[in-house]
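Residue strings, one per chain:
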Amino acid sequence: MPPAFPGMNPYLESPDLWTEVHAWLIVQLARHLNPVLKPKYRAAVEQRVYNESLLVGIPDVSVFQGKAGQTQATTTTTLNKPIRVNLPMSEEVKETYLEIRQISTGQVITVIEVLSPKNKRSGEGRNHYTAKRRKVLESHSHLVEIDLLRFGEPLPMSGSIPSDYRILISRAASRPEADLYPFNLQEPIPGFSLPLQPGDDEPTIDLNSVLQEIYDQASFELVIDYTRQPVLPPVTESSFQWIQALRGS
């Protein structure tokens, strides 16, 4: 039986599933928020598009070893057939996020971002995201940044502590200070209030419930093998035994 995780399901971080999980999560958050935000606000699904140069596929690794003292030039002249290599190809990347907009003015009150693997490793994806992040932090909009990926380099901030996952709430009036919710694999995902304009009731976002709905509606249990380690990154052996115990509870 599938384990009943108290918080984040690490198997959803798999490269084969995360793009789908990300898309579901953005749309499901909008579905949850719009009934409680209207008539003053609405959650709009937005998208940024950029090109990134990537190595497509996993090339075979061939190592040619010559005799000691041979130079690279000497080695290459002894080859009688070419080596197969891979070249970077340009890929169009689409990343979705949410904007909470005021209906009467169209003003963007809050931006909600769910980080992707491209945002957490060096390259064009991280560069595009950090530029967008900087623009939001220099504006009058609030920022909610949800990081549900153990893999990669966390986004820059000072005063944080190591954790598997994190949720950052940056209120425009409080910058440069922000609220960070760090949590680990075996802990529930903290609930948090969605920042809006002063005086407005702020709905609480329960990511635990949203992720469970996504898991059920997308039928992810059909494509996850819980008898094996998560693909990327794997968990510690003690955490894997904890997952197996959850399956039997």
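Residues numbered from 1 in each chain as written. Predicted model: local features only at pLDDT ≥ 70, side-chain atom pairs only at ≥ 80, totals over all residues. Heavy atoms only, no water.

When its volume is computed, the largest pocket comes out at roughly 490 Å³. Listed by contribution, the elements that provide at least two residues to the lining of the largest pocket are helix 1 (18–37) and strand 2 (88–102). Residue contributions to the lining of the largest pocket peak at 5 residues, all from strand 2. Its residues assigned to classes, the lining of the largest pocket shows 8 nonpolar, 5 polar and 6 charged. Here the second largest pocket defines a volume of roughly 280 Å³. Together, 14 residues line the second largest pocket, and Met157, Leu168, Pro176, Glu177 and Ala178 are the ones closest to its centre. Among the elements of the structure, helix 3 (124–137) and strand 5 (165–170) are those that each provide at least two residues to the lining of the second largest pocket. (1 Å grid on protein atoms, 1.4 Å probe; cavity = no way out; pocket = protein on both sides within 12 Å on 5 of 7 lines; lining within 4 Å. Points joined across faces, edges and corners; volume = space filled by probe spheres on them. Helix = DSSP H or I, 4+ residues; strand = E, 2+ residues; numbered from the N terminus. Nonpolar A, V, L, I, M, F, W, Y, C, P; charged D, E, K, R; others polar.)

This structure, assessed with the given rule, holds 1 cavity of 30 Å³ or more. For the largest cavity, the calculated volume is near 40 Å³. Elements supplying a minimum of two residues to the lining of the largest cavity: strand 4 (142–147) and strand 5.

For side chains of opposite charge, pairing can occur when their charged atoms come near one another. Tallying each qualifying case throughout the model produces 10 salt bridges. Between Asp200 and Lys40 there is a salt bridge, and its shortest N-O distance comes to 3.1 Å. Placement of Asp200 in the loop between strand 7 (192–193) and strand 8 (204–205) and of Lys40 in the loop between helix 1 and strand 1 (41–55) is noted, with a sequence separation of 160 residues between them. By relative accessible area, Asp200 is classed as partly exposed at 23%. The salt bridge partner of Arg101 is Glu99, with a shortest N-O separation of 3.2 Å. (Salt bridge = Lys/Arg side-chain N within 4 Å of Asp/Glu carboxyl O. Buried < 20%, exposed > 50% of the residue type's maximum accessible area, 1.4 Å probe, protein only.)

What follows is about the side chain of His22. Along the chain, the position of His22 falls in helix 1. A relative accessible area of 8% places His22 in the buried class. From its side chain, His22 meets the backbone oxygen of Val114 in a polar contact 2.6 Å long. (Polar contact = N/O pair within 3.5 Å; in protein donor to acceptor, adjacent residues only side chain to side chain.)

Once that is clear, we can look at the confidence of the model for the protein chain. On average, residues of the protein chain score 87 in pLDDT, and 86% of them reach the 70 mark or higher. Considering only residues more than four positions removed or in separate chains, one finds that residues 57–74, a stretch of pLDDT under 50, has 6 contacts. (pLDDT = per-residue confidence, 0-100. Contact = heavy atoms within 4.5 Å.)

Moving on: the side chain of Arg166. Take Arg166: it is sitting in strand 5. One polar contact links Arg166 to Asp147, side chain to side chain, over a distance of 2.6 Å. From its side chain, Arg166 meets the backbone oxygen of Ser163 in a polar contact 2.5 Å long. Beyond its immediate stretch of four places on either side in the chain, Arg166 contacts Lys120, Glu145, Ile146, Asp147, Pro154, Leu180, Tyr181, Pro182 and Phe183.

Another point: the packing of helix 1 against helix 4 (residues 207–217). Closest axis-to-axis distance for the helix 1/helix 4 pair is 10 Å, and the angle between their directions is 120°. Regarding the angle of helix 1 to helix 4, the classification is oblique. The chirality of how helix 1 crosses helix 4 is right-handed. Every residue of helix 4 that contacts helix 1 at Trp24, Leu25, Gln28, Leu29, Arg31 and His32 is listed here: Leu207, Val210, Leu211, Glu213, Ile214 and Gln217. (Axes fitted to C-alpha atoms, helices over the stretch in contact; angles between N-to-C directions. Parallel < 35°, antiparallel > 145°, perpendicular 65-115°, else oblique. Left-handed = near helix turned anticlockwise from the far one by under 90°.)

As a further point, take the pairing of strand 5. Burial analysis of strand 5 places 6 of its 6 residues in the buried class, which makes it a mostly covered element. Going residue by residue along strand 5, you find Tyr165, Ile167 and Ile169 tucked away on one face and Arg166, Leu168 and Ser170 tucked away on the opposite face as well. Bridging between strand 4 and strand 5 involves 5 bridges; their strand directions are antiparallel. Looking across to strand 5, one finds that Ile146 is bridged to Ile167. The pairing of strand 5 with strand 6 (residues 179–183) spans 5 bridges and is antiparallel. Its bridge partner lying in strand 6, Ile167 is registered against Tyr181. (Pairing = 2+ DSSP bridges.)

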